[in-house]
Amino acid sequence: GAGVSQTPSNKVTEKGKYVELRCDPISGHTALYWYRQSLGQGPEFLIYFQGTGAADDSGLPNDRFFAVRPEGSVSTLKIQRTERGDSAVYLCASSSDGYNEQYFGPGTRLTVT
Amino acid sequence: AQRVTQPEKLLSVFKGAPVELKCNYSYSGSPELFWYVQYSRQRLQLLLRHISRESIKGFTADLNKGETSFHLKKPFAQEEDSAMYYCALEMDSSYKLIFGSGTRLLVRP
């Protein structure tokens, strides 16, 4: 079956601009996670959704970052006033609930110039 | 603070040699440990988790709470094992994964 998909695969934006990154989880998966992976590092947790609600957003670095999942399926990570330090690969993962294996998407590589 | 340490950025071995990728964690509660693997141009995927006690693709890992380690081992490395390996910690079934910085395994012919 189809795995987790993320769009776009690459995004280049100028400092100060607004960007949206999209994640389509595996159908039926109620849990969805966003991670950020900087060069040479492992993924870093940002936010976890169970259904439509953000169960844990403790990893969001500041208030420029926001994520939604209005219908409990697709999620969008939104970054306002982008900074060069936001450049990273943004990974999305989903699981059938909060306790089972997380399946990762291919990631969106964000470059802020 | 909770942390996962993978001390080696790169591990290079010859085909058929034993492999051990090191992982140490710092967490005082009940950890669940995982190994994730990312092959070239593929997405991150689960290799194994300590509670399942499985051997996947010949790899095993034992949780040593005394040494707070979860090293990944394989007795005979294969070229197709070349990949990036990440150790990850889940605290008290909290679903949130804390990853190490990864070790690149290169298996030479």
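Higher on the page you've got the structure.
As the structure is a computational prediction, the values presented were derived from the model and not from experiment. Per chain, the residues get numbers from 1 upward, laid out in the order the sequence is written. Working convention: letters from A go to chains and numbers from 1 go to ligands, in the order in which they are written. For a predicted model such as this one, the threshold for reporting local features is a pLDDT of at least 70, and the threshold for listing and counting side-chain atom pairs is 80 or more; totals across whole chains, interfaces and linings nevertheless cover every residue. To get the side-chain values, all heavy atoms of the structure are used, and hydrogens and water are removed first.

> Could you clarify how one ought to interpret the overall build of chain B in this entry?
Numbering goes from the N terminus for both helices and strands, where a helix is a DSSP run of H or I of at least four residues and a strand is a run of E of at least two. Counting its secondary structure elements, chain B contains zero helices and 11 strands. Listed N to C, the secondary structure of chain B is β-β-β-β-β-β-β-β-β-β-β in terms of helices and strands. Between the two quantities, the radius of gyration covers C-alpha atoms and the globule rule is 2.2 Å times the number of residues to the power 0.38. Taking 2.2 N^0.38 as the reference for a compact globule, 109 residues should give roughly 13 Å; the C-alpha atoms of chain B span a radius of gyration of 13 Å, in line with that estimate. In this charge count, Lys and Arg are treated as positive and Asp and Glu as negative; neither His nor the chain ends contribute. Think of each charge as sitting on NZ of Lys, CZ of Arg, CG of Asp or CD of Glu. Separation of charge centres in chain B, based on 15 positive and 11 negative side chains, amounts to 6 Å.

> I keep staring at unusual backbone geometry and nothing clicks. Help me out?
Excluding glycine, residues mostly carry a negative phi; peptide bonds, for their part, are mostly trans. In this structure, the amide linkage connecting T7 of chain A to the following residue, P8 of chain A, adopts the cis form with an omega of -10°. At R81 of chain A, a residue that is not glycine, the phi angle is positive and equals roughly 45°. The exposure class of R81 of chain A is partly exposed, given its relative accessible area of 47%. Of note, the phi angle at R41 of chain B is positive, near 65°, even though the residue is not glycine. Residue position: R41 of chain B is located in the loop between β5 (31-38) and β6 (45-49). R41 of chain B sits in the exposed class, given a relative accessible area of 82%. Partly exposed residues are those whose accessible area sits between 20% and 50% of the maximum for their type, while under 20% is buried and over 50% is exposed, using a 1.4 Å probe and protein chains only.

> Can you walk me through the interface of chain A and chain B in this structure?
Interfaces are often sized by the accessible area lost when the parts come together. With 22 residues of chain A at the interface, the matching set in chain B holds 14 residues. Two parts placed together each lose some accessible area; with a 1.4 Å probe, that loss summed over both constitutes the buried area. Summed over both sides, the interface of chain A with chain B buries roughly 1,500 Å², with 52% coming from carbon and sulfur. One speaks of a salt bridge when a side-chain nitrogen belonging to Lys or Arg is within 4 Å of a carboxyl oxygen belonging to Asp or Glu. If you look at where chain A meets chain B, you find one salt bridge. One salt bridge in this structure joins D56 of chain A and K96 of chain B, with 3.4 Å as the shortest N-O distance. In what follows, residue pairs with any heavy atoms lying within 4.5 Å of each other are defined as contacts.

> Any chance you could explain the packing of aromatic side chains here in plain terms?
The geometry of two aromatic rings is summed up by the distance between their centres and the angle between their planes. Classification of ring pairs rests on two measures: the distance between centres of Phe, Tyr or Trp rings, Trp counted by its six-membered ring, which must be within 6.5 Å, and the angle between planes, read as stacked under 30 degrees, edge-to-face over 60 and tilted in between. All chains considered together, the criterion is met by 11 aromatic pairs over all chains. Between Y35 of chain A and F104 of chain A the ring centres are 5.5 Å apart and the planes differ by 40°, which places this aromatic pair in the tilted class. With a gap of 69 residues between them, Y35 of chain A in strand β4 (residues 31-37) and F104 of chain A in strand β10 (residues 103-104) connect regions that are remote in the sequence. Each member of the pair, Y35 of chain A as well as F104 of chain A, is classed as buried. Every member of this aromatic cluster is reached through a ring pair, and the members are Y33, Y35, F45, Y48 and F104 of chain A together with F34, Y36, Y86 and F99 of chain B.

> Sorry if this is basic, but what is going on with empty space enclosed by the protein here?
Take a probe with the size of a water molecule and roll it over the atoms, and the empty space left behind shows itself. Cavities and pockets are found on a 1 Å grid laid over the protein atoms alone: a cavity is a set of points where a 1.4 Å probe fits but cannot escape, a pocket is an open set with protein on both sides within 12 Å along at least five of seven lines, and a lining residue has an atom within 4 Å of such a point. Grid points are joined across faces, edges and corners, and a volume is the space filled by probe spheres set on the points. Applying the stated criterion across every chain, the model contains one cavity of 30 Å³ or more. Lining the largest cavity are 10 residues, with N100, E101 and Q102 of chain A together with F34 and E90 of chain B positioned closest to its centre.

> Explain the pattern of salt bridges here, please?
Pairing is possible between side chains that carry opposite charge, provided their charged atoms lie close to one another. Overall, the coordinates contain nine salt bridges over all chains when judged by the stated rule. Among the ionic pairs, K74 of chain B bridges to D81 of chain B, the shortest N-O distance being 2.8 Å. Among the residues examined, D81 of chain B registers a relative accessible area of 3% and is labelled buried. Here the residues in one salt-bridge network are R64, E83 and D86 of chain A, joined through shared partners.

> Would you take a moment to explain the state of the cysteines for this structure?
One covalent bond between the sulfur atoms of two cysteine residues makes up a disulfide. When two cysteine sulfur atoms are found within 2.5 Å, that pair is recorded as a disulfide. One pass over the structure, following the stated rule, counts two disulfides over all chains. Each sulfur of the disulfide joining C23 of chain A and C92 of chain A lies 1.8 Å from the other. Around the S-S axis, the bridge from C23 of chain A to C92 of chain A shows a dihedral of about -65° and counts as left-handed. Taken together, the residues C23 of chain A in strand β3 (residues 19-24) and C92 of chain A in strand β9 (residues 88-95) connect sequence positions 69 residues apart. Neither residue differs from the other here; C23 of chain A and C92 of chain A are each classed as buried. Residue C23 of chain B pairs covalently with C87 of chain B via a disulfide, S to S 2.0 Å. Taking the sign of the torsion about the S-S bond as the criterion, the disulfide between C23 of chain B and C87 of chain B, at about -65°, is left-handed. Within this pair, whereas C23 of chain B is found in the loop between β3 (19-21) and β4 (24-26), its partner C87 of chain B is found in strand β9 (residues 83-91), the two being separated by 64 residues in sequence. On the accessibility criterion, C23 of chain B (0% relative accessible area) is buried.

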